[in-house]
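# A closer look at the structure
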Amino acid sequence: MVRSWYELSDYVTLKRVGGLRLSPDGRRLVAPVSGIKPDGTSFGTSLWEIDPEGRAEPRRITRSAEGESAPAFLPDGSLLFASKRPDAESEDGGGAPALWLLPADGGEARRVASRPGGIGSVAVARDAGTVVFTSDTLPGTSGAEEDEQARKARKDAGVTAILHESFPVRYWDHDLGPGEPRLFSAAPPEGPAGDLGEPADLTPAPGKALLEADVTVSPDGATAVATWTTTGPAARMRTRLQALDTATGRARVLAEDPERDFGAPAFSPDGRSVAALLSYDGEPGGEPRDTTLWVLDAETGQGRDVLAGSELWPREHAWSPDSSALYFVADENGRRPVFRLDLDTSRLTRVTGDDGAYSALQPDPGGAALYALRDSWDEPPTPVRLDPAAGNGAPVRLPAPDLPLTVPGRLTEVEAEADDGTRIRSWLVLPEEASAGSPAPLVLWIHGGPYMSFNGWSWRWNPWLLAARGYAVLLPDPALSTGYGQDMLRRAWGTWGPRTFADLMAAVDAAVARDDVDGSRTAAMGGSFGGYMANWIAGHTDRFKAVVTHASLWDLGAFSGTTDMPPAWTAEFGDPDTSPERYRAASPHRSADSVRTPVLVIHGDKDYRVPIGEGLRLWWDLMRREVDAKFLYFPTENHWILTPGNITVWYETVFAFLDHHVLGKEWKRPEHL
């Protein structure tokens, strides 16, 4: 058990469970686990076996410098995974991710498939073992050899340019192109030394339709269903479900809606139905976005909303083994419980009754258990076993690497009433020493999204690192937070700043009314949308001693056309040419003259969701107004700070800035800066 994990030198070395995959017979549970590499400058992922019964200690089953990810079981219990590791039996030195197989009875992993552009997502037919995968392929090429020759010719010519003929051009932290994802299907290996069968190209000219695609395969391996994205009028993107014959590539539209998007398709175990998320982007001046569960006939495409009348937002889902029910998770009142929906009766049961936030649902094929990851603000993602038939049941924790952790303080809840009468709830992290006689300084942390809930553990923004240094941390769910019904979104849909600001101030008022919190020493900070609100706070109140703003939106009008996904903003705020007043009214930069609070600006140059121009403009606007400010700039990071050294200096700079302005300590520049 790690005890001093909240010291930065220990924190970055912790192993982090990032998913679960259960074998077809229910006897093996495998988890991708990230950890720091031996050189200490980056993270890598390996695969670990977790005992479903909880008796044995976790066991690492893959080990390479390049790491392994994306585990998927074949029907015989052998394990597929993706890795850039070199193949000892060929001249291939690695580079692009290939598909590897680890035999069910142990032994050495062997490479079973590769492509010049690498192998991305992988789906396996539960019964037949047919493997469907995505691979980045240059347009106009046919076959792996032609694709490889085209890549070599491009490299030899010194060409890095990308010609785009459709939207988008980049996503989160990476450029798109020049290749395009295609879907391939292959038979499973024959014999103990066999490779996958010859891959069949199911989508020879998809364009950008399969970018970030979700794929599922029918149990008999005959049909793959994938999300398929198209761009329509005014560059609006729509995602439908496309069914493809895995033998011929013959395609048909399984489901589409002109106003909604389908995602996360999953075949039922009996192969007769497909469940998917159905999402609505919202309308400027109208209803906000929403998500529901849709179940459709795998042959006809006829479907229905199985959560009609419910305001739960399903985040992910999984079928029961007998295909009669769906398990799903949804934000609810600052938690993310597991629910069971019986499809014949529409009966909805909350399976978990604790404060956890659940994910990675893996139903046992025999129906006796449901495996998942459970986290909360006082527990990192931890593999657990649940009783799928229970109502408000308790999890059984399974041994996992570097778990459990003991937090340096205590977790409680705070409730407030906004000026419009709405209940605003928050988590409050308190240091161990906080008391009436020694009240703790308070840091307000504002979540991103904004359509999410502060309901679970965060490795990137971990409040316990501040609690270990004596700070209380307030984690509120203001307007636009999910898990409180659609009215919570309607309150600030398309307006953002004023309503959310009022909610946050009500939450802070409730926190500082406690005798163990010091209301005279406070700071505010947030990232992404949370950074937007930190900027709004800086321009609308002087109550805080310091503001930290990370990857933040500053000028909404400029931002809306340079972000990687402009359609998301036009869906909420409208066309910036015809409705510029919506953007102006919600833009923090209009209050720049009112900023008096010291500000720490943080931004990564490779951030494509909130481009670096937002951070540069914010920094310049603060400088020319002579605001006491600092700019922590990461040339090689993106929307998230992901490498160990940069994570360390991120926290060191935030700590030093808060200590200086909130606690009155002398400013101390971090060692490596």
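I will try to describe carefully the structure that is included in this document. This structure is a prediction, so every number in the text was calculated from the model and none was measured.

What counts, and at which threshold
- Residues numbered from 1 in each chain as written.
- Predicted model: local features only at pLDDT ≥ 70, side-chain atom pairs only at ≥ 80, totals over all residues.
- Heavy atoms only, no water.
- Helix = DSSP H or I, 4+ residues; strand = E, 2+ residues; numbered from the N terminus.
- Rg over C-alpha atoms; globule rule 2.2 N^0.38 Å.
- Buried < 20%, exposed > 50% of the residue type's maximum accessible area, 1.4 Å probe, protein only.
- Contact = heavy atoms within 4.5 Å.
- Pairing = 2+ DSSP bridges.
- Axes fitted to C-alpha atoms, helices over the stretch in contact; angles between N-to-C directions.
- Phe/Tyr/Trp six-rings, centres within 6.5 Å; stacked < 30°, edge-to-face > 60°.
- Lys NZ or Arg CZ within 6 Å of the ring centre and 35° of its normal.
- Core = buried A, V, L, I, M, F, W, Y, C linked by side-chain atoms within 4.5 Å.
- Expected span 1.5 Å × (residues − 1).
- Salt bridge = Lys/Arg side-chain N within 4 Å of Asp/Glu carboxyl O.

Turning our attention to the overall build of the chain. Summing up its helical and strand segments, the chain has eleven helices and 39 strands in all. A compact globule built from 673 residues would reach a C-alpha radius of gyration of about 26 Å, and the chain, at 25 Å, matches this within 12%. Each of the three principal axes of the chain carries a C-alpha extent, and together these read 70 × 55 × 55 Å. Residue burial in the chain is summarised as follows: out of 673 residues, 56% are buried. Long-range pairs, those at least 24 residues apart, make up 56% of the contacts in the chain between residues at least 6 apart in sequence.

This brings us to the sheet that holds strand S23 (residues 303-305). Strand order in this open sheet of four strands is S20-S21-S22-S23, and the pairing throughout is antiparallel. Both outer strands of the open sheet, strand S20 (260-267) and S23, are each paired with one neighbouring strand and no more. Going from strand to strand, the sheet's axes swing by 25° on average, the running direction of each strand aside. The pairing of strand S22 (residues 290-297) with S23 spans three bridges and is antiparallel. Its bridge partner lying in S23, leucine 296 is registered against glycine 303.

Looking at the element boundaries, proline 463 is found in helix H3 (residues 463-467). By relative accessible area, which is 0% here, proline 463 ends up buried. Considered as a pair, proline 463 and aspartate 378 are 85 residues apart in the sequence and their alpha carbons are 9.6 Å apart. Leaving out residues up to four positions away in the same chain, proline 463 has contacts with Trp377, Val429, Trp445, Val473 and Leu475.

Summed over all chains, the structure comprises 25 aromatic pairs. Aromatic side chains phenylalanine 631 and tyrosine 633 sit 6.0 Å apart centroid to centroid with 55° between the ring planes, which places their arrangement in the tilted category. Looking at phenylalanine 631, the relative accessible area reads 21%, which means it is partly exposed. Residue tyrosine 633 is classed as partly exposed on the basis of its relative accessible area, which comes to 37%. When the centroid spacing of 4.9 Å and the interplanar angle of 80° are considered together, the rings of tryptophan 650 and tyrosine 651 count as edge-to-face. Taken as a pair, tryptophan 650 and tyrosine 651 share a single burial class, namely buried. Of the aromatic side chains, those joined through ring pairs into one cluster are Trp5, Tyr6, Tyr11, Trp445, Trp457, Trp459, Trp461, Trp650, Tyr651 and Phe655. The side chain of arginine 425 reaches across the aromatic face of tryptophan 427, ending 4.9 Å from its centre.

This paragraph deals with the nonpolar core. Within the largest apolar cluster, 56 residues are counted, with the highest numbers of intra-cluster contacts made by Trp5, Trp445, Met525, Trp650 and Leu658. If you tally residues by element for this core, the top one is helix H11 (residues 644-662), at nine residues. Once you skip the residues sitting within four places of it in the chain, tryptophan 5 turns out to touch Asp10, Tyr11, Leu14, Leu405, Thr406, Val407, Pro408, Trp457, Asn462, Trp464 and Leu465. In terms of nonpolar packing, the next biggest core, distinct from the first, is built from 44 residues, Ala434, Ala440, Ala524 and Met533 among them.

Along an α-helix, residues three or four apart share an orientation, since each turn contains 3.6 residues. The end-to-end C-alpha distance of helix H6 (residues 529-540), which contains twelve residues, comes to 16 Å, matching closely the 16 Å that a straight helix rising 1.5 Å per residue would cover. Of all twelve residues making up H6, eleven are buried, and the element is well covered by its neighbours.

Right, let's talk about the sheet that holds strand S29 (residues 370-376) for a bit. Read across the sheet, four strands follow the order S28-S29-S30-S31 without closing on themselves; strand pairing throughout is antiparallel. Looking at strand neighbours, the two that pair on one side only are strand S28 (357-363) and strand S31 (396-397), the edges of this open sheet. Bridge analysis of strand S30 (residues 379-386) against S31 gives two bridges, and the strand direction is antiparallel. Bridging across to S31, arginine 385 finds its partner in valine 396.

Take the pattern of salt bridges next. Within this structure, the stated rule accounts for 43 salt bridges. Note that aspartate 331 is salt-bridged to arginine 315, the shortest N-O span being 2.9 Å. You can see aspartate 331 sitting in the loop between strand S25 (325-330) and strand S26 (338-342) and its partner arginine 315 sitting in strand S24 (residues 314-319), a full 16 residues away along the chain. Taking the relative accessible area as the measure of exposure, arginine 315 reaches 34% and is therefore partly exposed. The partner of arginine 521 in a salt bridge is aspartate 518, with the nearest N and O atoms 2.7 Å apart. In this structure arginine 521 comes out as partly exposed when scored by relative accessible area, which is 27%. What makes aspartate 518 buried here is its relative accessible area of 15%. Several salt bridges share partner residues, and in doing so they unite Asp555, Asp593, Arg617, Asp621, Arg624 and Arg625 into one network.

Another point: the pairing of S26. Along any regular strand the residues' side chains alternate between the sheet's two faces. Burial runs high along S26: four of the five residues are buried. Bridge count between S26 and strand S27 (residues 347-350): four bridges; the pairing is antiparallel. Its bridge partner lying in S27, arginine 340 is registered against threonine 349. What sits between S26 and S27 in their antiparallel hairpin is a turn of four residues, with serine 346 showing a positive phi close to 65°.

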